[in-house]
Amino acid sequence: MSKPKVVILGAGYGGLVTAIRLQKQMKASEMDVTLVNKHDYHYITTHLHMPAAGTDHHDNARVAIADLIDERKIHFVKSTVSQILPEEKKVVLGDRDLSYDYLVIGLGSETETFGIPGMNEYAMSIKSINSVRFIRQHIEYMFAKSKMEPKRKEYLTFVVGGAGFTGTEFVGELADRIPVLSRTYDVDPSTVKIINIEASPSALPPGLPEDLVEYGMEVMRRKGVEYKLSTPIKECTPDGVILGNGEFIRAGTVVWSGGIRGNSLLEQAGFDVQRGRVKVDECLRSYQYPDVFITGDCSIVMSPEGTPYPANAQIAVQQGYNVARNLLYAVRGRDLKPFAYDFKGTVASLGRGEAVGLLKVKKVKGKFAALLKKVIDARYLYLIGGIPLIWKKMIFKQKTTARNYHVPN
Ligand code: FAD
Ligand code: NAD
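All values derive from a computational prediction rather than experimental measurement. (Residues numbered from 1 in each chain as written. Chains lettered and ligands numbered in written order. Predicted model: local features only at pLDDT ≥ 70, side-chain atom pairs only at ≥ 80, totals over all residues. Heavy atoms only, no water.)

A. Highlighting the sheet that holds strand E7 (residues 90–93). Taken together, the three strands give an open sheet; going across it, the order is E6-E7-E8, and neighbouring strands pair in antiparallel fashion. The two strands at the open ends of the sheet, each matched to only one other strand, are strand E6 (81–85) and strand E8 (97–99). In this sheet, neighbouring strand axes are inclined to one another by 20° on average, regardless of whether the strands run parallel or antiparallel. Bridge analysis of E7 against E8 gives three bridges, and the strand direction is antiparallel. By the bridge assignment, Val92 is partnered in E8 with Asp97. (Pairing = 2+ DSSP bridges. Helix = DSSP H or I, 4+ residues; strand = E, 2+ residues; numbered from the N terminus. Axes fitted to C-alpha atoms, helices over the stretch in contact; angles between N-to-C directions.)

B. Layout of the environment of Tyr141. As for its position among the elements, Tyr141 is in helix H4 (residues 129–148). Along the sequence, Tyr141 and Tyr155 sit 14 residues apart, while their C-alpha atoms lie 9.1 Å from each other.

C. Summary view of the site of ligand 1. In the vicinity of ligand 1 there are 31 residues, among which Asn37, Val81, Asp297, Ala313 and Lys373 approach most closely. At a separation of 3.4 Å, an oxygen atom of ligand 1 approaches a polar side-chain atom of Thr45. At 2.8 Å from an oxygen atom of ligand 1 is found a side-chain nitrogen or oxygen belonging to Asp297. About the coverage of ligand 1: the protein hides 88% of its 1000 Å² of free accessible area. Looking at the shell around ligand 1, the elements that each hand over two or more residues are helix H1 (13–25), helix H5 (165–184) and helix H8 (313–331). With three residues, H8 is the single largest residue contributor to the shell around ligand 1. A breakdown of the residues in the shell around ligand 1 according to their chemical character gives 10 nonpolar, 17 polar and four charged. (Near = heavy atom within 4 Å. Polar contact = N/O pair within 3.5 Å; in protein donor to acceptor, adjacent residues only side chain to side chain. Areas by Shrake-Rupley, 256 points an atom, 1.4 Å probe, with all protein chains shown as cover. Nonpolar A, V, L, I, M, F, W, Y, C, P; charged D, E, K, R; others polar.)

D. Expanded view of the sheet that holds strand E23 (residues 355–359). As summarised here, the arrangement of the three strands in space is E22-E23-E24, forming an open sheet in which the pairing is antiparallel. Every interior strand has two partners, whereas the edge strands, strand E22 (345–349) and strand E24 (362–365), have only one. Taken over all neighbouring pairs, the strand axes of this sheet differ in orientation by 10° on average, direction set aside. One ladder, built from five bridges, connects E22 with E23; its direction is antiparallel. Bridge pairing in E23 places Gly345 opposite Leu359.

E. Geometry of helix H9 (residues 366–395). Helix length check: H9 (30 residues) gives 22 Å between terminal C-alpha atoms against 44 Å at 1.5 Å per residue, more than 12% under. The largest bend in H9 amounts to roughly 130° and is located at Gly385, with the proline Pro388 lying one to four residues further along. (Expected span 1.5 Å × (residues − 1). Bend = angle between axes of the 7 residues up to and from the residue.)

In structure tokens:
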């Protein structure tokens, strides 16, 4: 009898952890597992705000997949998924088709622009290694350009749309980088503006207690960040942004961090989606196609209170554990185990040595919270690559001498 074929799409938090858990737990004879990812590396999305601002090297935010999986047990295919055909139990890649008995979809998210005119065309987003390399270089280019055309003040105006987790973490790093860039490019730092524009009345991620929000905003303001709250961006143009109140802010850089939606391949495949994400059953399967498991940002998991859990790395990792176990149970003919999310807490970085968050329900801030964020990062690296990976990515970091200095390749 042929082995059941398992195809995992996406080597992000959900997909990679599923593959790593399977390789640890399955017998070689039990299933035939293929992991598909468009790059030959896994990127640590939770670090991307740093290379985007240039406070860390992008190589510290990625790991070669070959270093994480045992290719005798998991076949790795570097390819881009172009179509999912759940009725035919098949996925279409750039150069081949793959059929499956069980499919795991962990293709992550796309930027949600809510149809705001010009946002797709003129704003940048923090999404991948390629996008953050581009943002960092663009920021430096603006500094260089400002010296060539000193009258164009907008070159040194940096607009960040959205002050949720992503916007906040990026703004914190960018504010830390400005003094270094100002020195490097002989720019007066007082001429640089960072404006974080947020539609809701409060900056920082929703769900944080008010005193932590105030603390966080105070830290940011001290670093020179200007907030515009209760101010939706209505349009993005090649020269800046138009706000809901009609004001136009001229800016050489617009980074959009206004939200995410699930990977569009799911909607194209005919899954019932809400903002591109699929509501899954208690075992993380599609209601329409029970042989399809969906993890991470592509999935919506409801809490016992009936509200969706936020899409984050913590839940994606826990889903990876659950899906791997349930795949083993499925091929062994055992009942599947429902997924139960264990919320351990949440921490938003505010740049160097500063963060705010919740450890379960306990409030944390300042240096302790920043340390906690590092512990969370280290824990993830340990989980996917053991102590050597912590060593490589956090201790002997690649091609950087200090946090604020980028040494070119
Ligand atoms: P991802 O990790 O995004 O992985 C998706 C994978 O699919 C990628 O490898 C991608 O290359 C691949 N892929 C996509 N399309 C295709 C295709 N067509 N073909 C082949 N492969 C494809 N969450 C936290 O809990 N804590 C944090 O501190 C935190 N910080 C964040 C910081 C930033 C800047 C950002 C943007 C997000 C952060 N998040 C954080 C959210 C977290 O990163 C995501 O929720 C998490 O990455 C989701 O995991 P995933 O497996 O669904 O997708
Ligand atoms: P988000 O949806 O959490 O935040 C987007 C922000 O943009 C919101 O505050 C929203 O009000 C604002 N916004 C939307 N439209 C706007 C407009 N027209 N003008 C101005 N502001 C507008 O998105 P995110 O911050 O990218 O986070 C995405 C997911 O990733 C979340 O689930 C988050 O939990 C997770 N994440 C977690 C961490 C962490 O744990 N440290 C870090 C980054 C991201």
